[in-house]
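# Analysis of the macromolecular model
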Amino acid sequence: MKSFFSKKSILGTMAVAAVCMLGTGNAQAQEFTIQGDLVSSYVWRGIYQGAQACVQPTLGLGFGGFSLTAWGSTSLADVEAGHKELDLTAAYSVGGFTFQIADLWWGGQG
């Protein structure tokens, strides 16, 4: 089933929101995160996806109660298979509550 929003439109919207929020006059703490994991195999929701090593990078941007996150997982051995998973998340936290919207894409085997 094709996603209602394309990944390019979601990334574009997240970038515009980030630029708009960065342009505000308030002096708020801003945080940029780059992380990565190297795993021996990839399991998607309990389904074993093979014995290939995978890299799982994470990029995050947060300011005030707003955050944008991109997480992915791709095989190091099977270059032709490309991405196994890409998760894009936008969240806003206020008053002890977090409101979140995410687009999850998985291109593995079922």
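Residues numbered from 1 in each chain as written. Predicted model: local features only at pLDDT ≥ 70, side-chain atom pairs only at ≥ 80, totals over all residues. Heavy atoms only, no water.

Turning to the overall build of the chain, a few remarks are in order. Along its length, the chain carries one helix and seven strands. Ordered by position in the sequence, the α and β elements of the chain form the string α-β-β-β-β-β-β-β. Of the roughly 7,500 Å² of accessible surface on the chain, a fraction of 62% belongs to carbon and sulfur atoms. (Helix = DSSP H or I, 4+ residues; strand = E, 2+ residues; numbered from the N terminus. Areas by Shrake-Rupley, 256 points an atom, 1.4 Å probe, with all protein chains shown as cover.)

Every regular strand shows the same layout, with side chains that alternate between the two sheet faces. Along strand S1 (residues 30-39), only zero of the ten residues are buried, which leaves the element largely exposed. Pairing of S1 with strand S4 (residues 54-63) involves ten bridges; the strand directions are antiparallel. Considered in S4, the bridge of Asp37 is made with Gln56. (Buried < 20%, exposed > 50% of the residue type's maximum accessible area, 1.4 Å probe, protein only. Pairing = 2+ DSSP bridges.)

Another point: the environment of Ala29. As for its placement among the helices and strands, Ala29 is situated in the loop between helix H1 (7-22) and S1. The spatial distance from the C-alpha of Ala29 to the C-alpha of Phe63 is 5.7 Å, given a sequence separation of 34 residues. Not counting the four nearest positions on each side in its chain, Ala29 is found in contact with Gly62, Phe63 and Gly64. (Contact = heavy atoms within 4.5 Å.)

A word on a nonpolar patch on the surface. Nonpolar side chains collect at one region of the surface, where Tyr92, Val94, Phe97 and Phe99 lie side by side and expose about 430 Å² of accessible area between them. Elements with a minimum of two residues in the nonpolar patch: strand S6 (83-94) and strand S7 (97-106). Within the secondary structure layout, Phe99 lies in strand S7. Residue Phe99 is classed as exposed on the basis of its relative accessible area, which comes to 52%. (Patch = residues over 30% accessible without salt bridge, like charges linked within 9 Å, V, L, I, M, F, W, Y side chains within 5 Å. Salt bridge = Lys/Arg side-chain N within 4 Å of Asp/Glu carboxyl O.)

Another point: the side chain of Ser73. For Ser73, the position within the fold is in strand S5 (residues 66-75). What makes Ser73 buried here is its relative accessible area of 2%. Within the structure, Ser73 has its side chain in polar contact with the side chain of Gln56 (distance 3.1 Å). (Polar contact = N/O pair within 3.5 Å; in protein donor to acceptor, adjacent residues only side chain to side chain.)

This next bit is on the packing of aromatic side chains. This model, assessed by the stated rule, comprises one aromatic pair. Ring plane angle 45° and centroid distance 5.6 Å describe the contact between Phe63 and Phe66, whose orientation is recorded as tilted. Judged on exposure class, the residue Phe63 and its partner Phe66 are both buried. (Phe/Tyr/Trp six-rings, centres within 6.5 Å; stacked < 30°, edge-to-face > 60°.)

Once that is clear, we can look at the confidence of the model for the chain. Of the residues in the chain, 65% have a pLDDT of 70 or more, and the chain-wide mean is 76. Note on residues 1-5: pLDDT under 50 across the span, and three contacts to partners over four residues away in sequence or across chains. (pLDDT = per-residue confidence, 0-100.)

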